[in-house]
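The lines below spell out each chain.
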Amino acid sequence: LLSDLLATRQARHCDKQQQRQQQQHPLPKLPAAAEAAAAAGAAAEGGADPVSADVALERTFGSGKYQLGVACGVGLCIYSSTVAVNLLPVFLDIKLAEDPSLPGLTQETLPMASTALFSGWLVGSLCVGWLVDRLGKKAVVRLGAWGILLCTLAAVMLPPLTAGSIAVFAAIRFAMGFLLAPAVVAGLFAQEFAPPAWRNRVMVALNVAYSLLSILMACACGTISRHLDWRYELLFWCGAPMVVGLLFGLRLAGESLDYLVEKGRRHEAAALLAAIARANGADPAAAEGAVLVASEGAAG
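Cut-offs and rules
Residues numbered from 1 in each chain as written. Predicted model: local features only at pLDDT ≥ 70, side-chain atom pairs only at ≥ 80, totals over all residues. Heavy atoms only, no water. Salt bridge = Lys/Arg side-chain N within 4 Å of Asp/Glu carboxyl O. Helix = DSSP H or I, 4+ residues; strand = E, 2+ residues; numbered from the N terminus. Buried < 20%, exposed > 50% of the residue type's maximum accessible area, 1.4 Å probe, protein only. Expected span 1.5 Å × (residues − 1). Bend = angle between axes of the 7 residues up to and from the residue. Contact = heavy atoms within 4.5 Å. pLDDT = per-residue confidence, 0-100. Phe/Tyr/Trp six-rings, centres within 6.5 Å; stacked < 30°, edge-to-face > 60°. Polar contact = N/O pair within 3.5 Å; in protein donor to acceptor, adjacent residues only side chain to side chain. Axes fitted to C-alpha atoms, helices over the stretch in contact; angles between N-to-C directions. Parallel < 35°, antiparallel > 145°, perpendicular 65-115°, else oblique. Left-handed = near helix turned anticlockwise from the far one by under 90°. Core = buried A, V, L, I, M, F, W, Y, C linked by side-chain atoms within 4.5 Å.

Trainee: What is the right way to read the pattern of salt bridges from this model?
Mentor: A pair can form between side chains of opposite charge whenever their charged atoms are brought close. Summed over the entire model, instances satisfying the criterion amount to 6 salt bridges. Ionic pairing is found between Glu233 and Lys95, a salt bridge with its closest N-O pair at 2.7 Å. Of the two residues, Glu233 sits in helix H10 (residues 230-252) while Lys95 sits in helix H5 (residues 83-98), which places them 138 residues apart along the sequence. Taken as a pair, Glu233 and Lys95 share a single burial class, namely buried. Via salt bridges that share partners, Asp99, Asp229 and Arg231 belong to a single interconnected network.

Trainee: What should I look at first to understand helix H7 (residues 137-161) in this one?
Mentor: The periodicity of an α-helix, 3.6 residues per turn, causes residues three or four positions apart to be oriented the same way. Taking 1.5 Å per residue, 25 residues should reach 36 Å; H7 reaches 36 Å between its end C-alpha atoms and fits that length. Of all the bends in H7, the greatest, near 30°, is centred on Ala155, and the proline Pro159 appears no more than four residues after it. Among the residues trailing H7, Ala163 stands out with phi positive, at a value near 55°.

Trainee: Can you walk me through the side chain of Thr152 in this structure?
Mentor: Of note, Thr152 is situated in helix H7. Classification of Thr152 by relative accessible area gives buried; the value is 0%. When neighbours within four sequence positions are excluded, Thr152 is seen to be in contact with Met176, Leu234, Leu235, Cys238 and Gly239.

Trainee: Mind showing me how you'd approach the confidence of the model for the chain here?
Mentor: Interpreting fine coordinate detail is not advised for predicted regions of low pLDDT. For the chain, the average pLDDT comes to 80, and 76% of its residues sit at 70 or higher. Below a pLDDT of 50 lies the segment residues 1-8, which in the model reaches 0 contacts outside its immediate sequence neighbourhood of four places, other chains included. Here residues 25-47 is a poorly scored stretch, pLDDT under 50, and it has 7 contacts once near neighbours within four places are set aside; other chains count.

Trainee: What's the story with the packing of aromatic side chains in this structure? I'm lost.
Mentor: How two aromatic rings sit relative to each other is set out by the distance from centre to centre and by the angle between their planes. If you walk through the whole model with that rule in mind, you get 5 aromatic pairs. A centroid spacing of 5.2 Å and a plane angle of 85° characterise the contact between Phe189 and Phe193, whose relative ring orientation is edge-to-face. As far as burial versus exposure is concerned, Phe189 and Phe193 are alike and both buried. Centroid distance Phe236 to Trp237: 5.0 Å. Interplanar angle 85°. Geometry classified as edge-to-face. For Trp237, a relative accessible area of 12% puts it in the buried group. Ring pairs connect the aromatic residues Tyr66, Phe189 and Phe193, which therefore count as one cluster.

Trainee: Would you take a moment to explain the environment of Phe118 for this structure?
Mentor: Tracing the chain through its elements places Phe118 in helix H6 (residues 110-135). What makes Phe118 partly exposed here is its relative accessible area of 42%. With 58 residues separating them along the chain, Phe118 and Met176 place their C-alpha atoms 9.3 Å apart.

Trainee: Just checking my understanding: could you explain the environment of Ser81 for this structure?
Mentor: Counting through the fold element by element, Ser81 comes out in the loop between helix H4 (65-79) and H5. Residues Ser81 and Leu213 lie 132 residues apart in sequence; the distance between their C-alpha atoms is 7.3 Å. Sequence-distant contacts of Ser81, that is, excluding residues within four places in its chain, are made with Leu76, Leu213, Trp237 and Pro241. At 3.2 Å, the side chain of Ser81 forms a polar contact with the backbone oxygen of Leu76.

Trainee: I'm lost on the packing of H5 against H6 in this one. Help?
Mentor: Angle between the axes and distance between the axes: these two values describe a pair of packed helices. Between H5 and H6, the shortest axis-to-axis distance is 10 Å and the interhelical angle comes to 165°. The angle between the axes of H5 and H6 places the two elements in the roughly antiparallel class. As for how H5 packs across H6, the hand of that crossing is right-handed. In this structure, H5 contributes Val85, Asn86, Pro89, Asp93, Leu96 and Ala97 to the contact, and H6 contributes Leu110, Ser114, Leu117, Phe118 and Trp121.

Trainee: Is there a simple way to think about the nonpolar core in this case?
Mentor: A general tendency of soluble globular proteins is for nonpolar side chains to be buried together. If you look at the biggest cluster of nonpolar residues, it comprises 65 residues, and the most contacted ones within it are Val74, Ile78, Leu88, Val141 and Leu234. Setting aside its immediate chain neighbours within four residues, Ile78 contacts Gly73, Val141, Ala145, Ala183, Ala186, Met242, Gly245 and Leu250.

Trainee: For this particular structure, what's the right way to read unusual backbone geometry?
Mentor: Among all residues except glycine, the phi angle is most often negative; among peptide bonds, the trans geometry is most common. Although it is not a glycine, Ala163 adopts a positive phi angle of roughly 55°. For Ala163, the location among the structural elements is in the loop between H7 and helix H8 (166-192). When its relative accessible area of 38% is taken as the criterion, Ala163 is described as partly exposed.

Laid out in structure tokens, this is it:
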């Protein structure tokens, strides 16, 4: 209550100070016609009517090969495949505890690594919004995918070199959990490139794929890969999808349109719309001259 009262008093003091400055140094007022012309010039460069990225996607360029490629390469390979990061340890920990070359990883110590994984996910979830605001969705998704890939390689190579040190293994799991939060942004990133009318369907499809992959992985770990070395399983389920997503999905996808507009990079946004139009077989000429404004409720 005291802090609220102090904040209110400080806000009133700032308002009074601002009013005094405005009275002492009034700004020159433009005529109504000049004001309107200035607003029109700022809103529409080159005479084009400003439109939001959502309107441009929905009315002008629609959906096609570009959106399908982003949904598969980014949404499916990165977002839906993150199920392996939090579910695969349930199956791998049994093999790790039975591996004679890893004396430090036992049924008693491995729960610490699982706790580290979810602790990292918690910390990453608290930081991911800040990262998206400053770096953009594409950069954050790339960070998550590269991070999970490198953590997968570390989890394969480091435990045998450290005789299964639980401290090292828990640190790897914590880092992987932290990077899981940026990788999950891939679902929102892929959804954003679809026209608004299709976005819910895209997210439903990605979550269905997430569920099907979890079922497939559970069945495979209990049957055909039951006697397979745990390193191969880890590389297949956690590493391979990230490689595909980085090589194909993120190379195809541009940055978030709304993020480009909010950062004042409208020419890049128009060029990206033109690329989307060409990929979908539409005329890119309208995209090149488009004046984009941020979509309503857009963030990052």
